[in-house]
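Below, each chain spelled out in residue letters.
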Amino acid sequence: MKDTLTRWLIALRGGKRRDLNTILLLAMETRGRSAPEQMDWLRSLARYLRGERGFRFTPEARTHLLLQRLNQHQDWAQAGGSVIAEVLSRGSALRIYCEAGLPSSASFMQELLGRLVRSVLPPVLNEGSLSGALQQVFASRGDDVWLERIPANEREALIEWLRASIPASRLAGLVQEMAEAVWLLANRTTSIALRDEVSVRSPLVGPLAQHPMVLLEDQARRLSTSVAGGGAPDLDAFLRATTASRVFLDGVLSQVEARGVSVDLVFQMERANAYLARMERLARVIAVVRDAQAGSAARAEAVWGLLVELVRGELDDRRPGRVITQSVHLIARKTVERAGETGEEGIARSNHDLRHILTAATLGGVFVSMTALIKYIGPKGLPPFFEALYGALNYGGSFTAMHFLHLKLATKMPAMTASALSARLSPTPDSAADGEFVATATAILRTQIAAVVGNLVGVIPAALLLDAAIGLAGRGHLLAADKAAHVIESVSPWGSLTIPFAMFTGVILWIGGWVASWIDNAFVFYDVAGALRSQGGLRVRFGEKRVHAVADFLSRNVGGVAAALVLGAGLAFAPEFGRFFGLPLEVRHVTLVTGSLALSVAALDFGPLEPGTWASMAGGVAAIGICNLGVSFTLAFATALRARRMPAGRGAALLGLTLLRILRRPMSLLRVPPADAAPMLRAAR
């Protein structure tokens with residue numbers, strides 16, 4: 001059994017390890033053999049150069065040793081070069097040039113599915129194409145890294161060895177295939193630019209014959225024709241065409257950002273820009289190779305750089321996460337920007353704003369007490385789904401009403417304000433920008449404290465008054481004594497899972513803010529408001545002014561209503577979702593929990609509670625608030641940094657500076673210092 005497993009492991013690793021002399025000796029036997037045998041030899045050579053556990057020396061040292069052996073044994077050099085030449089003669093490199101590392105499918109989902117399949121299945125050696133050969137030889141992660149580390153003089157020596165071994169006709173064919181790849185990629189780029197979803201967002205370019213992408217395709221055709229005739233390409237003219245095309249795509253992208261984004265549209269923009277970069281790379285290599293005055297070092301550098309790019313591209317093609325990261329980035333950034341626009345409105349930049357936040361949060365706390373009342377008077381014994389649906393309607397309806405009444409709920413704010421804060425983060429240290437960041441971070445924390453205090457100040461007396469009103473109506477207390485005792489016990493930070501549940505609720509709060517911003521982006525991208533304004537039947541039935549008013553109303557409020565509904569559904573359905581999988585999930589929302597505690601204390605007729613119980617309740621509320629706000633803010637801030645491609649270390653360092661400033665000036669958390677008010681008002685404008 002042990003021997004069988006050993007043989008399987010050896011086979012999976014590509015066979016037995018061979019030393020360099022054995023590999024080069026085998027090259028003499030491999031000349032003229034079948035394609036699989038020659039591929040086995042190439043893989044063994046690449047495996048030796050790459051190295052693995054048990055190999056001595058670095059890839060650079062092993063490459064140096066290979067060149068020594070080739071210089072010492074000309075027959076080995078001729079045999080190895082012949083094997084490589086025979087492999088190259090069996091197929092075209094056109095697909096490698098056009099597709100290695102480039103999105104080749106027409107849509108995002110097709111590309112993602114294709115990469116998922118390629119990540120599982122081994123590469124296939126196809127007749128007529130060298131793509132499978134490249135994938136099989138350089139199949140290990142990191143192959144592009146060690147290739148890039150080979151010293152320049154040894155790269156030149158390897159390229160000269162191959163150039164001397166490969167027939168001139170095949171070398172010319174490889175260059176011609178580069179030129180054809182440029183033409184084919186230009187054609188694909190033009191087809192992307194003329195798609196409906198791109199053309200409607202395109203800047204005005206005049207007649208089709210003057211379209212930058214059409215002119216690019218013309219230049220690519222001329223380049224290919226020139227290379228086929230044995231001439232040198234007009235590189236400057238071609239690069240001017242690619243520059244104009246890139247300006248065109250930037251114009252489309254600016255329209256995309258102004259009108260919302262979709263993953264598939266961003267994928268098409270990524271495709272087009274990637275095609276332009278590959279065309280420029282290929283055109284430069286062709287120009288260097290065809291330049292009679294270019295030295296061997298320049299040729300080797302150009303060819304080796306292309307090889308590294310192609311190997312890296314083939315490796316990336318088997319990584320589905322790369323296409324997701326590239327295509328989702330812009331939509332994530334736009335979603336974060338929309339969240340940040342909402343967050344800017346919620347930052348108190350003056351003491352007047354701070355008082356307004358405190359008043360709105362206090363009234364919001366009063367409203368939440370009624371939400372808690374509706375929660376406890378709801379029907380009992382419902383099936384789990386309908387019980388969660390009742391909670392979602394209660395929470396979502398309450399939060400929606402608060403949105404239209406312009407009331408504040410403290411826990412909804414961090415997901416928005418964190419995005420606004422990240423917009424003030426400069427990639428490199430800058431005294432003015434850093435000062436603005438610290439001032440804004442302090443203002444956000446000050447605003448958040450006011451909102452939390454307002455919510456709690458409003459919810460506690462309102463809950464007590466509601467319970468007293470129910471008692472005066474002759475119905476006793478809202479909660480039974482045993483239920484009240486259970487509520488108090490379940491909030492203990494040291495006697496229950498309150499802290500993990502509060503952190504889990506912070507995740508729900510972050511998801512709610514993110515989804516709401518995404519819905520707002522989708523509303524803009526699909527131009528729902530414009531569709532309503534242009535709907536003839538609605539204008540005839542209700543009048544143009546009313547239809548426009550409804551469209552404007554939806555544009556202003558779709559994000560806020562979406563946040564309320566998503567948050568309500570998350571708070572209600574999360575426990576049932578956990579129960580479905582056997583997980584004891586619960587939510588701990590600081591304002592709702594505080595209202596429940598007030599009702600519980602009232603249900604016990606303000607009976608004598610031990611000091612430890614009061615401490616447990618106070619500690620539980622504090623822990624829940626910190627976890628709700630801290631987790632939501634941290635996730636939103638980290639997401640915003642990634643979406644803006646900002647270094648996380650910079651964000652952490654500036655948050656540390658903010659903390660130091662607060663420690664030096666703790667009163668800045670209670671009122672806006674005069675020195676901060678004017679700069680923040682200017683920044684807001």
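Note that the structure is predicted; figures quoted are calculated from it, not measured. (Residues numbered from 1 in each chain as written. Predicted model: local features only at pLDDT ≥ 70, side-chain atom pairs only at ≥ 80, totals over all residues. Heavy atoms only, no water.)

Scanning the chain from N- to C-terminus turns up 30 helices and two strands. The buried share of the chain, reckoned over its 685 residues, is 48%. Considering only residue pairs separated by 6 or more positions, the chain has 82% of its internal contacts joining residues 24 or more positions apart. Looking at the chain as shown, the accessible area adds up to about 33,000 Å², and 63% of this sits on carbon and sulfur atoms. (Helix = DSSP H or I, 4+ residues; strand = E, 2+ residues; numbered from the N terminus. Buried < 20%, exposed > 50% of the residue type's maximum accessible area, 1.4 Å probe, protein only. Contact = heavy atoms within 4.5 Å. Areas by Shrake-Rupley, 256 points an atom, 1.4 Å probe, with all protein chains shown as cover.)

What follows concerns a nonpolar patch on the surface. Judged by side-chain polarity, Leu358, Leu445, Ile449, Val453 and Val457 come together as a nonpolar surface patch covering roughly 360 Å² of accessible area. Per-element tally for the nonpolar patch: the top contributor is helix H21 (residues 431–472), with four residues. Mapped onto the secondary structure, isoleucine 449 falls in helix H21. By relative accessible area, which is 31% here, isoleucine 449 ends up partly exposed. (Patch = residues over 30% accessible without salt bridge, like charges linked within 9 Å, V, L, I, M, F, W, Y side chains within 5 Å. Salt bridge = Lys/Arg side-chain N within 4 Å of Asp/Glu carboxyl O.)

All right, on to the pattern of salt bridges then. Scanning the model with the defined rule gives 17 salt bridges in all. Across the pair aspartate 144 and arginine 312 runs a salt bridge, and its minimum N-O distance is 2.8 Å. Of this pair, aspartate 144 sits in helix H9 (residues 143–149) while arginine 312 is found in helix H16 (residues 296–316), placing the two residues 168 residues apart along the sequence. Each of Arg95, Glu99 and Arg188 takes part in a single network of salt bridges with overlapping partners.

Remark: helix H19 (residues 384–404) packs on helix H26 (residues 544–580), axes separated minimally by 8 Å, with the N-to-C direction vectors making an angle of 150°. Between H19 and H26, the angle falls in the class roughly antiparallel. Every pair of crossing elements has a handedness; the one defined by H19 and H26 is right-handed. (Axes fitted to C-alpha atoms, helices over the stretch in contact; angles between N-to-C directions. Parallel < 35°, antiparallel > 145°, perpendicular 65-115°, else oblique. Left-handed = near helix turned anticlockwise from the far one by under 90°.)

The next point concerns the packing of aromatic side chains. For any pair of aromatic rings, the description consists of the separation of the ring centres together with the inter-plane angle of the planes. A full pass over the atoms with the stated rule returns seven aromatic pairs. Measuring from ring centre to ring centre gives 5.3 Å for phenylalanine 385 and phenylalanine 386, while their planes differ by 80°; the resulting arrangement is edge-to-face. Take phenylalanine 386: its relative accessible area is 47%, and that puts it in the partly exposed class. Centre to centre, the rings of phenylalanine 385 and phenylalanine 573 are 5.8 Å apart; their planes meet at 50°, and the pair counts as tilted. In this pair, phenylalanine 385 is assigned in helix H19 and phenylalanine 573 in helix H26, connecting sequence segments 188 residues apart. (Phe/Tyr/Trp six-rings, centres within 6.5 Å; stacked < 30°, edge-to-face > 60°.)

Our focus in this paragraph is the nonpolar core. Ranked by size, the top nonpolar core spans 79 residues in total, and within it Tyr97 and Met279 carry the most contacts. Core analysis: the second largest hydrophobic core is formed by 23 residues, Ile470, Val487, Val593 and Leu597 among them. (Core = buried A, V, L, I, M, F, W, Y, C linked by side-chain atoms within 4.5 Å.)

What follows covers the confidence of the model for the chain. Overall, the predicted model of the chain reaches an average pLDDT of 81, with 85% of residues at or above 70. Scored below 50 in pLDDT, residues 6–14 makes four contacts in the model with residues more than four places away or belonging to other chains. (pLDDT = per-residue confidence, 0-100.)

This part covers the side chain of aspartate 144. Owing to a relative accessible area of 10%, aspartate 144 belongs among the buried residues under this scheme. Apart from residues lying up to four places away in sequence, aspartate 144 is in contact with Val308, Val311, Arg312 and Leu315.

Below, the discussion takes up the environment of valine 311. Summarising the element assignment, valine 311 is placed in helix H16. A relative accessible area of 1% places valine 311 in the buried class. With 170 residues separating them along the chain, valine 311 and arginine 141 place their C-alpha atoms 9.9 Å apart. Valine 311 has contacts with Leu134, Phe138, Asp143, Asp144 and Leu147, leaving out every residue within four places of it along the chain.

Before going further, it helps to spend a moment on the environment of alanine 372. Along the chain, alanine 372 falls in helix H18 (residues 351–376). Separated by 223 residues in sequence, alanine 372 and glycine 595 place their C-alpha atoms 6.6 Å apart.

Non-glycine residue histidine 406 carries a positive phi angle of around 60°. As for its position among the elements, histidine 406 is in the loop between H19 and helix H20 (414–422).

Viewed as axis vectors pointing N to C, helix H10 (residues 152–165) and H16 meet at an angle of 90°, and their least axial separation amounts to 9 Å. In terms of their interaxial angle, H10 and H16 are classed as roughly perpendicular. Contact residues: Ala152, Arg155, Glu156, Leu158, Ile159 and Glu160 in H10; Ser296, Ala297, Ala300, Glu301, Val303 and Trp304 in H16. Class assignment for the residues of the contact of H10 with H16 results in seven nonpolar, one polar and four charged. (Nonpolar A, V, L, I, M, F, W, Y, C, P; charged D, E, K, R; others polar.)

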